[in-house]
Amino acid sequence: DKNLENAEEAAEQFRLIQAAYDVLSDPQERAWYDNHREALLKGGADGEYQDDSLDLLCYFTVSCYSGYGDDEKGFFAVYQQVFEKLAKEEMEYMTQEDTEEFPMFGYSQSDYDTVVHPFYAYWQSFCTRKNFAWKEEYDTRQASNRWEKRAMEKENKKTREKARKERNELIRQLVSFIRKRDKRVQAHRKLVEEQNAEKTRKAQKFQRQQKLKQAKLAEQYKEQSWITMSELEKELREMEAQYEKEFGDGSGGEEELEEQEIKGIEEKLNDETKEAEFVDGLYCPACDKFLKTEKTMKNHEKSKKHREMVALLRQQLEEEEEKFPVSLDDSNGKNTKEEEEETEDVPRQKYFK
């Protein structure tokens, strides 16, 4: 109503404003436009996104720079500009709450600890903040139902994640390419190797000194022990000499010791012969068996087999006595009594069994 001279254009702008109000009033429509903001701004209403991201493939070659100086075409100046552009692109997708800073590449004289190391530590694990909504294949607003919409969102999410992963890998590979050729990194690596070599050399020198010290201590210890042994031998000789003066030359004592040793050996042999005779006396005539000790002899006499053999022997003797009557001695009488007692025990054991 205020642009009467250009009413058609004013009416078109009014329709656009009205359409924008309708979209922002719907929460779903507003969320979709927020996710596709960059694509809409750079692609327009048709949705054809014009990707103006920095092309990194041309920086994977040594021909993109000349020399390792700080001039315009030098190594450090070229890659300093590259990462400044990358940081600027990422800042467009950052919110006001994000306070993260992007470490810069620096120049040839930059300090390693304050500039070079933080730069590589950050960019080697870089993750972009771009959502890559322009890579989506499906427009969820055109879904006929919620199941179809969910399927579209799932496929769109896979596409976005794939594009984000490719971008992250590309930037990390570029960082690795640069790091291999960075003279500052090479100089620092050389310095570290020299320091490690110096530490190793000092450690080896210290070990050699310790070994020499231990060897000297061992030699001193051996020498002292030898001195002490010689002193002990000298003292022993003096004591022997004094003993000989007081009690003679000591030959008689040696003879007495020899006699005592001979007597001890003879007594031992006599004991052994007595034991052998005693062992020979442990004989069982009924079983025709030699026994070693009295304990085993007693156990044998209590055994069932021994009693059966005694009864059998007694039976044989009685039969022989009937055929050839012979007068028995008292000792034999005693033996027969014992055998009778033993035979009387046999049926009793069988009865109890």
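Thresholds, definitions, all that
Residues numbered from 1 in each chain as written. Predicted model: local features only at pLDDT ≥ 70, side-chain atom pairs only at ≥ 80, totals over all residues. Heavy atoms only, no water. Salt bridge = Lys/Arg side-chain N within 4 Å of Asp/Glu carboxyl O. Helix = DSSP H or I, 4+ residues; strand = E, 2+ residues; numbered from the N terminus. Buried < 20%, exposed > 50% of the residue type's maximum accessible area, 1.4 Å probe, protein only. pLDDT = per-residue confidence, 0-100. Contact = heavy atoms within 4.5 Å. Axes fitted to C-alpha atoms, helices over the stretch in contact; angles between N-to-C directions. Nonpolar A, V, L, I, M, F, W, Y, C, P; charged D, E, K, R; others polar. Phe/Tyr/Trp six-rings, centres within 6.5 Å; stacked < 30°, edge-to-face > 60°. Lys NZ or Arg CZ within 6 Å of the ring centre and 35° of its normal. Disulfide = S-S within 2.5 Å. Parallel < 35°, antiparallel > 145°, perpendicular 65-115°, else oblique. Left-handed = near helix turned anticlockwise from the far one by under 90°.

The name recorded for the chain in an unreviewed UniProt entry is DJC21 protein, from Neodrepanis coruscans.

Engineer: Please explain the pattern of salt bridges as it appears in this structure.
Structural biologist: Charged atoms that come close allow side chains of opposite charge to pair. Within this structure, the stated rule accounts for 8 salt bridges. A salt bridge links Arg15 to Glu12; the nearest nitrogen and oxygen atoms lie 2.3 Å apart. Note that Arg15 and Glu12 are positioned in helix α1 (residues 7–25) at a spacing of 3 residues, about one turn of the helix. With a relative accessible area of 49%, Arg15 lands in the partly exposed category. Residue class for Glu12 comes out partly exposed when judged on its relative accessible area of 37%.

Engineer: What is the right way to look at the confidence of the model for the chain in this model?
Structural biologist: Any segment with low pLDDT has predicted coordinates that should not be analysed in fine detail. Looking at the chain as a whole, the pLDDT averages 77, with 72% of positions reaching at least 70. Mean pLDDT across the elements of the chain ranges from a minimum in helix α11 (residues 330–352), with 49, to a maximum in helix α5 (residues 112–123), with 91. Confidence drops under a pLDDT of 50 for residues 326–331, and excluding neighbours within four residues, the segment shows 2 contacts in the predicted structure.

Engineer: Which parts of the structure should I look at to understand the packing of α5 against helix α6 (residues 146–181)?
Structural biologist: The description of two helices packed together rests on the angle between their axes and the distance between the axes. Where α5 meets α6, the axes come as close as 9 Å, and the angle between the chain directions of the two elements is 145°. Contacts from Tyr112, Tyr120 and Trp123 of α5 reach α6 at Ile171, Arg172, Val175, Ile178 and Arg179. For the contact of α5 with α6, the class distribution of residues is 6 nonpolar, no polar and 2 charged.

Engineer: Mind showing me how you'd approach the packing of aromatic side chains here?
Structural biologist: The description of an aromatic ring pair rests on the distance of the ring centres and on the angle between the ring planes. This structure, assessed with the given rule, holds 22 aromatic pairs. With 5.0 Å between their ring centres and 80° between their planes, Tyr65 and Phe75 make a pair best called edge-to-face. Residue Tyr65 is found in the loop between α3 (37–43) and α4 (75–91), and its partner Phe75 is found in helix α4; the two are separated by 10 residues along the sequence. Both residues of the pair, Tyr65 and Phe75, belong to the buried class. Between Trp123 and Phe126, the aromatic rings sit 4.9 Å apart at their centres with planes inclined by 25°, giving stacked as the arrangement. Taking NZ or CZ as reference, Arg146 lies 4.8 Å from the ring centre of Trp147, over its face. Across the ring face of Phe105, the terminal group of Arg184 is positioned such that the distance to the ring centre comes to 4.7 Å.

Engineer: What am I meant to see in the state of the cysteines here?
Structural biologist: Covalent bonding between the sulfur atoms of two cysteines defines a disulfide. With the rule as written, the count across this model stands at 0 disulfides. Of all cysteine sulfurs in the structure, the one in Cys58 sits closest to Cys64, which takes part in no disulfide; the separation is 7.2 Å. Not engaged in a disulfide, the cysteine Cys287 finds its nearest cysteine sulfur in Cys284; these two sulfurs lie 3.8 Å apart.

Engineer: Quick question: what am I supposed to make of the packing of α4 against α6 here?
Structural biologist: For the pair α4 and α6, interaxial distance at closest approach is 12 Å and the crossing angle is 160°. When the interaxial angle is binned, α4 and α6 end up roughly antiparallel. Between α4 and α6 lies a crossing of left-handed hand. Judged by residue contacts, Phe75, Tyr79, Val82, Phe83, Leu86 and Glu89 of α4 engage Arg167, Ile171, Leu174, Val175, Phe177, Ile178 and Arg181 from α6.

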